[in-house]
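The residues making up each chain are set out below.
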Amino acid sequence: MTTAVCPGSFDPLTLGHVDVIRRARSMFDEVVVGVARNSTKSSFLPVEQRVALARDVFSDVDGVRVAAVDGLLADFVRTVGAVAVVKGLRGGADFDAELPMALMNRHLSGVETVFVVGDQALAHIASSLVKDVARYGGPIDDLVPGPVAHAVRAALRGGDAG
Ligand code: PNS
């Protein structure tokens, strides 16, 4: 059985992420969605909630499971026995950002990174833009899964984002 890790902050999980994770699942027997605690930026949704939302969204998808990444991704990949990291590309800027991480992860653990081109119709979606649109009261229902839209709006209201 081949396992791949789809890592990310997923802050929040978008329809673009869901598309890439489903594409990864079509190539590997099992996909572990690795939700990273973000050490460089302060997160919008707490990691526990990002994990819970991803579990909810993929609850009906066979062969996809979700776990928090607490330390280095390279260590997480080894722990789950994955043969590859899968990341989605929307364009050249994504590749420029991803290449050093792919090289570092291979340096640290020997793991290969596989780049997947996501659905062109979703290429405008970024977690940062979703938060910005939502902050100003714009519609996000066609940008993120339903439970995520609910959680983002609740977080912005300062209430229970459950
Ligand atoms: O959603 P993002 O911001 O593109 O995800 C980046 C992520 C979470 C994949 C990256 O920051 C990461 O792997 N973090 C875990 C800590 C780590 O291993 N850092 C070194 C990466 S080379």
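Counting from 1, residues in each chain are numbered in the order their sequence is written. Since the coordinates come from a predicted model, pLDDT governs what is reported: local features require at least 70, and pairs of side-chain atoms require 80 or more to be given and counted, while whole-chain, interface and lining totals use all residues. Neither water nor hydrogens contribute to the side-chain values; these are computed over all heavy atoms in the structure.

> Even after reading the chapter, I still don't get the packing of helix α2 (residues 47–57) against helix α6 (residues 146–157), so can you show me in this structure?
Helix-helix packing: each pair is described by the crossing angle between the helix axes and the interaxial distance. Convention adopted: a line fitted to C-alpha atoms gives each axis, helices being fitted over their contacting stretch, and angles between N-to-C directions are expressed from 0 to 180 degrees. Runs of E in the DSSP output that reach at least two residues are strands. Runs of H or I that reach at least four are helices, and both are numbered from the N terminus. α6 packs onto α2 with a crossing angle of 155 degrees between their chain directions and a minimal axis gap of 9 Å. Considering their axes alone, α2 and α6 lie roughly antiparallel with respect to each other. Taking contact as the criterion, the partners of Gln49, Leu53, Asp56 and Val57 in α2 are, on α6, Pro147, Val148 and Ala151. Amino acids outside the nonpolar list (Ala, Val, Leu, Ile, Met, Phe, Trp, Tyr, Cys, Pro) and the charged list (Asp, Glu, Lys, Arg) are all regarded as polar, and Gly is one of them. Within the contact of α2 with α6, the residues separate by chemical class into 5 nonpolar, 1 polar and 1 charged. Any angle that is under 35 degrees is reported as roughly parallel, and any over 145 degrees as roughly antiparallel; angles of 65 to 115 degrees are reported as roughly perpendicular and all others as oblique. We call two residues contacting when some pair of their heavy atoms lies within 4.5 Å.

> Would you take a moment to explain the nonpolar core for this structure?
The tendency in soluble globular proteins is for nonpolar side chains to be buried side by side. By size, the foremost hydrophobic cluster in this structure holds 36 residues, and its most contacted members are Leu13, Ile21, Val33, Phe58, Val86 and Ile140. Elements with a minimum of two residues in this core: β1 (3–8), α1 (15–27), β2 (30–36), α2, β3 (64–69), β4 (84–89), α5 (127–135) and α6. Of the residues forming this core, the biggest block, 5 residues, is contributed by α2. Residues within four places of Val86 in sequence aside, it is in contact with Ala4, Val5, Cys6, Pro7, Val20, Ala24, Phe28, Val114 and Val116. In these notes, a set of buried Ala, Val, Leu, Ile, Met, Phe, Trp, Tyr and Cys residues joined through side-chain atoms within 4.5 Å is what counts as a nonpolar core. Classification of residues uses two cut-offs on accessible area relative to the type maximum, computed with a 1.4 Å probe and protein chains only: under 20% is buried, over 50% is exposed, and between them is partly exposed. Residues Val32, Val69, Phe76 and Val77 belong to the second largest nonpolar core, which totals 11 residues.

> Got a minute to help me understand the packing of aromatic side chains in this structure?
How two aromatic rings sit relative to each other is given by the distance of their centres and the angle of their planes. Any two of the Phe, Tyr and Trp rings considered here, Trp counted by its six-membered ring, make a pair once their centres fall within 6.5 Å; the pair's planes then place it as stacked at under 30 degrees, edge-to-face at over 60, or tilted in between. Applying the stated criterion across every chain, the model contains 1 aromatic pair. Relative to Phe115, the ring of Phe95 lies with its centre 5.7 Å away and its plane at 70 degrees, an arrangement referred to as edge-to-face. You can see Phe95 sitting in helix α4 (residues 92–109) and its partner Phe115 sitting in strand β5 (residues 112–117), a full 20 residues away along the chain. Phe115 gets classed as partly exposed once you look at its relative accessible area, which sits at 28%.

> Got a minute to help me understand the site of the ligand in this structure?
Neighbouring residues of the ligand: Pro7, Gly8, Ser9, Ala36, Lys41, Gly71, Leu72, Leu73, Lys87, Met101, Met104 and Asn105. Two N or O atoms count as a polar contact when they lie within 3.5 Å, although within protein this holds only if one can serve as hydrogen donor and the other as acceptor, and sequence-adjacent residues are included solely when both atoms are side-chain atoms. Taking Leu73, its main chain carries an N or O atom lying 2.8 Å from an oxygen atom of the ligand. In the environment of the ligand, an oxygen atom lies 3.5 Å from a nitrogen or oxygen atom belonging to the side chain of Lys87. To measure how exposed things are, a 1.4 Å probe is used in the Shrake-Rupley method; for residues, cover is taken only from the protein chains shown. Relative to its unbound accessible surface of 540 Å², the ligand loses 71% to contact with the protein. For the shell around the ligand, the elements supplying multiple residues, two or more each, are β1 and α4. Ranked by the residues each element gives to the shell around the ligand, the list is headed by α4, at 3 residues. By residue class, the composition of the shell around the ligand is 6 nonpolar, 4 polar and 2 charged. The rule for a residue being near a molecule or strand is that one of its heavy atoms must lie within 4 Å of it.

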